[in-house]
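# Fold and geometry: a report
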Amino acid sequence: MIREGVLNAGLLILLLAVPLAALMLDEPFIITLATRAVIFAIAGVGLNLALGFGGLVSLGHAAFFGIGGYAMGILAAHAQSYTPLMTWPLVIEGTKSMPVIWLTATFASAVAALGIGALSLRTTGVYFIMITLAFGQMFYFFAISWPAYGGEDGLSIYVRNSFAGLNMMDPMTFFLTCYALLLAVLWLVARIVKSPFGLALGAARQNEDRVQAVGQRPFTLYLVAFTISGAVTGLAGALFADLNRFVSPTMFSWQTSGEIMVFVILGGVGRVFGPVAGAALFIVLEHVLGGLSEFWHIYLGAILLGIVLFARGGLIGLLAGREVADD
Amino acid sequence: MTDPILATDGITRSFGALVASKDITLDLRPGEIHALIGPNGAGKSTLIQQIAGGLRPDSGRVLLGGADVTHLGTAARARMGIGRTFQISSLAMDHTVLQNVVLGALGHRGDVFRFFTRVMKDAELIDVAERALAQVGLSDARNMRTAELSHGQRRQLEVAVALTLNPRVFLMDEPMAGLGTEGTAQMVGFLDGLRAQAPILLIEHDMDAVFALADRISVLVYGRIIATGTADQIRANPQVREAYLGEEGAA
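The model shown is predicted, which means the values in this text are computed figures rather than measured ones.

## Some details on the overall build of chain A
Helix and strand counts for chain A stand at 13 helices and 2 strands. C-alpha atoms of chain A, sized along the principal axes, occupy 55 × 50 × 40 Å. Across the 327 residues of chain A, 53% fall into the buried class. Considering only intrachain contacts with a sequence separation of at least 6, the fraction spanning at least 24 residues in chain A is 75%.

## Thoughts on the overall build of chain B
Of the regular secondary structure elements, chain B holds 9 helices and 10 strands. Its C-alpha atoms give chain B a radius of gyration of 18 Å, near enough to 18 Å, the size a compact globule of 251 residues would have. Across its three principal directions, the C-alpha atoms of chain B cover 60 × 40 × 40 Å. Looking at the 251 residues of chain B, the share that counts as buried comes to 47%. Summarising the internal contacts of chain B: among those between residues at least 6 apart in sequence, 66% fall at separations of at least 24.

## Considerations on the nonpolar core
With 177 residues, the main nonpolar core has V38, I42 and A200 of chain A as its most contacted residues. Of the domains in this structure, domain 1 (1–81 + 167–251) and domain 2 (91–166) of chain B are the two that each give at least three residues to this core. When sequence neighbours within four positions are dropped, the list of residues in contact with V38 of chain A reads L15, F175, C178, Y179 and L182 of chain A.

## Things to note about the domain arrangement of chain B
Residues and elements named next belong to chain B. With domains assigned, chain B is organised as domain 1 (1–81 + 167–251) and domain 2 (91–166). The C-alpha-based centres of domain 1 and domain 2 are spaced at 26 Å. Between domain 1 and domain 2, the residue contacts involve 8 residues of the former and 8 residues of the latter.

## Remarks on the sheet that holds strand β5 (residues 67–68) of chain B
All names here are of chain B. An order of β2-β1-β4-β5 is seen for the 4 strands of this open sheet, with the pairing classed as antiparallel. Since the sheet does not close on itself, it has two edges, and those belong to β2 (18–28) and β5, each with one partner. Inspection of the sheet shows strand β1 (residues 6–15) paired to strand β4 (residues 59–64) by 5 bridges, in the antiparallel sense. Along β4, the bridge assignment pairs T12 with S59. Lying on the sheet, helix α1 (residues 44–52) is in contact with β1, β2 and β4; it crosses β2 at an angle near 60°.

## With respect to the sheet that holds strand β10 (residues 224–229) of chain B
Residue and element names in this part refer to chain B. Strand order in the open sheet formed by 6 strands is β6-β7-β8-β3-β9-β10, and the pairing between neighbours is mixed. Edge positions in the sheet fall to β6 (82–85) and β10, since each has one partner strand and no second. Strand-to-strand, the axes of this sheet are offset by a mean angle of 15°, without reference to chain direction. Both strand β3 (residues 33–37) and strand β9 (residues 216–221) contribute to a ladder of 4 bridges, which runs parallel. Note on β9: the bridge partner recorded for A35 is I217. Where α1 meets the sheet, it contacts β3, β6, β7 (169–173), β8 (200–203) and β9, and its direction lies at approximately 150° from that of β7. Strands in contact with helix α5 (residues 151–164) are β6 and β7; relative to β6, the strand with the most contacts, it is inclined by about 170°.

## What about the interface of chain B and chain A?
Of the residues lining the interface, 33 residues belong to chain B; the matching set on chain A comes to 23 residues. Elements that contribute at least two residues to the side of chain B that touches chain A include exactly α2 (74–80) and α3 (97–109) of chain B. Looking at the side of chain B that touches chain A element by element, the count peaks at 7 residues for α3 of chain B. Its residues placed into classes, the side of chain B that touches chain A shows 17 nonpolar, 9 polar and 7 charged.

## Topic: the packing of helix α11 (residues 274–292) of chain A against helix α12 (residues 296–310) of chain A
Residues and elements named next belong to chain A. It is the contact of α11 with α12, at a shortest axis distance of 8 Å, that shows an interaxial angle of 130°. Accordingly, the angle class assigned to the pair α11 and α12 is oblique. In this structure, α11 crosses over α12, and the sense of that crossing is right-handed. For the pair α11 and α12, contact is made by L285, E286, L289, G290 and L292 and by W296, Y299, L300 and I303, respectively. Taken together, the residues of the contact of α11 with α12 break down into 7 nonpolar, 1 polar and 1 charged.

## A word on unusual backbone geometry
A negative phi angle is the norm for most residues apart from glycine, just as the trans form is the norm for most peptide bonds. Residue and element names in this part refer to chain A. Even without being a glycine, Y82 presents a positive backbone phi close to 55°. The residue Y82 is located in the loop between α3 (62–80) and α4 (98–120) in this model. On the basis of neighbour count, Y82 is assigned to the exposed category, with 8 C-beta atoms found within 10 Å.

## A look at the packing of helix α2 (residues 28–53) of chain A against helix α10 (residues 254–267) of chain A
The description of two helices packed together rests on the angle between their axes and the distance between the axes. All names here are of chain A. Two elements in contact, α2 and α10, have axes separated by 8 Å at closest approach and are oriented at 75°. One way to sum up the angle between α2 and α10 is to call them roughly perpendicular. Contacts between α2 and α10 involve F40, A41, A43, G44, L47, N48, L51 and G52 from the first element and I260, M261, F263, V264 and G267 from the second. Split into classes, the residues belonging to the contact of α2 with α10 amount to 9 nonpolar, 4 polar and no charged.

## Regarding the pairing of β1 of chain B
Residue and element names in this part refer to chain B. Relative to β2, β1 runs antiparallel, the two being bridged by 7 bridges. Bridge assignment links T8 to a residue of β2, and that residue is L26. Between the end of β1 and the start of β2, which pair antiparallel, lie 2 residues, with G16 showing a positive phi angle near 60°.

Here is what the cut-offs are and how they apply
- Residues numbered from 1 in each chain as written.
- Chains lettered and ligands numbered in written order.
- Predicted model: local features only at pLDDT ≥ 70, side-chain atom pairs only at ≥ 80, totals over all residues.
- Helix = DSSP H or I, 4+ residues; strand = E, 2+ residues; numbered from the N terminus.
- Buried ≥ 20, exposed ≤ 12 C-beta atoms within 10 Å, placed from the backbone.
- Contact = placed C-beta atoms within 7 Å.
- Rg over C-alpha atoms; globule rule 2.2 N^0.38 Å.
- Core = buried A, V, L, I, M, F, W, Y, C linked by C-beta atoms within 7 Å.
- Domains from an automatic or database assignment.
- Pairing = 2+ DSSP bridges.
- Axes fitted to C-alpha atoms, helices over the stretch in contact; angles between N-to-C directions.
- Nonpolar A, V, L, I, M, F, W, Y, C, P; charged D, E, K, R; others polar.
- Parallel < 35°, antiparallel > 145°, perpendicular 65-115°, else oblique.
- Left-handed = near helix turned anticlockwise from the far one by under 90°.

Right, here's the structure in full:
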């Protein structure tokens, strides 16, 4: 068994080393794959806060991923066509600035998560899964039927957005930007897990009666966790859209929700670095198995089944064992 | 007579045709242990739920320190000073023992929505938690996972968490359940001293423990309180002997 801290550090180093090696070998496609893994990891880290630490099985996180994506798409589309988003009551222009897009994506998906959470969290168990799924599908069909932003065809953005004068069209620069954001998000979640809020949230997941008996309402804890979770996944959506320079309703589809959940389960539910391992493994499998067969999802399914049956802690649990309370 | 800290005023609650609580009026006075006994199915759990906040009575009121709390939820009542222990241990099983007690201290202090401080490095919370663990004699188990505790230790931990809330009343649902002779004797000794800190409404099946501890006993049968009095009065009450104590009471 490897200490979890060592494993996590190794994971981060590997995630950085692969694109660096690809840069030296002049394999830009590998860098793009690594960037995908990093962005998916951010989405998974977001979901994990609700799913792993709060025990909230949300099958609607594509809603936040998509909102993040469309926040980027809409702002950038207006910027590239030089038309304002709205002119009344105040003029809002589009933008190509990444920090503004990130903030907008995070804020918009947080607001959506707050609303969806406030309604969905009145239910539990399978009903919660269904209602979050329903909200996700609502956004999906809304995006399809909204012609102003491409409808079913989605939105294409010609040039990647900009940040601090860096050349974001350079794959390595964009990778490093995403990687830095992943580190920030991991730090945030690691802090939350050890915080008073994290303790109470974890207790609510295990036993709601206990939390009520000490004078706290599980609903409020869940709602805050769900909101932060949605915001983080929304940020990933904005980055994903920027990576592809394309946004489409697929980002809202329930398959997307399922994939984000797969990252979490593969890597380890309720482990801070779980989704990083899960997303990286997913990308590797997609690439390797996808090269072998069109039907690579069958093999992915078998692996997922194996992990669920034999390694409840996912990849991290398999390698680092049960979580240790270090303080 | 001193004013009661906790009181129910004519609580009635039915489930369909079954009347689980029928016009129940009882009170808990400072410094006392008031035991609630009754055969299985008498409605003890339903009553406890209504006092703790998990169930609303159809009619009647629950008063805590003179204030009407009937329409408050469980969490709000806990903040107002109800320290509850559960019949079946209700703890965060994956957390450590210390984390469970710190959770109590945190819930009582109320500043749960802080995201960047390290809760297990909070000296004030740890101090409250460790004193509660020491009081119930669980200090040695502080770093164990709660799921690894023995049944008896879990009962102790339940009490320790209730202690961190510094409650005005303790509401204890069968704290001796499954403790064995030695464990029960320890718990009896502990609760005996605890009544000075806050009065205890004690639901308990163990008659020896009840008669040893209780200042007053109320007997609940089919949702109604048929008698309230001291241990001797209850022992001598023919209605109680018939309905509940049976041969045991006659012996």
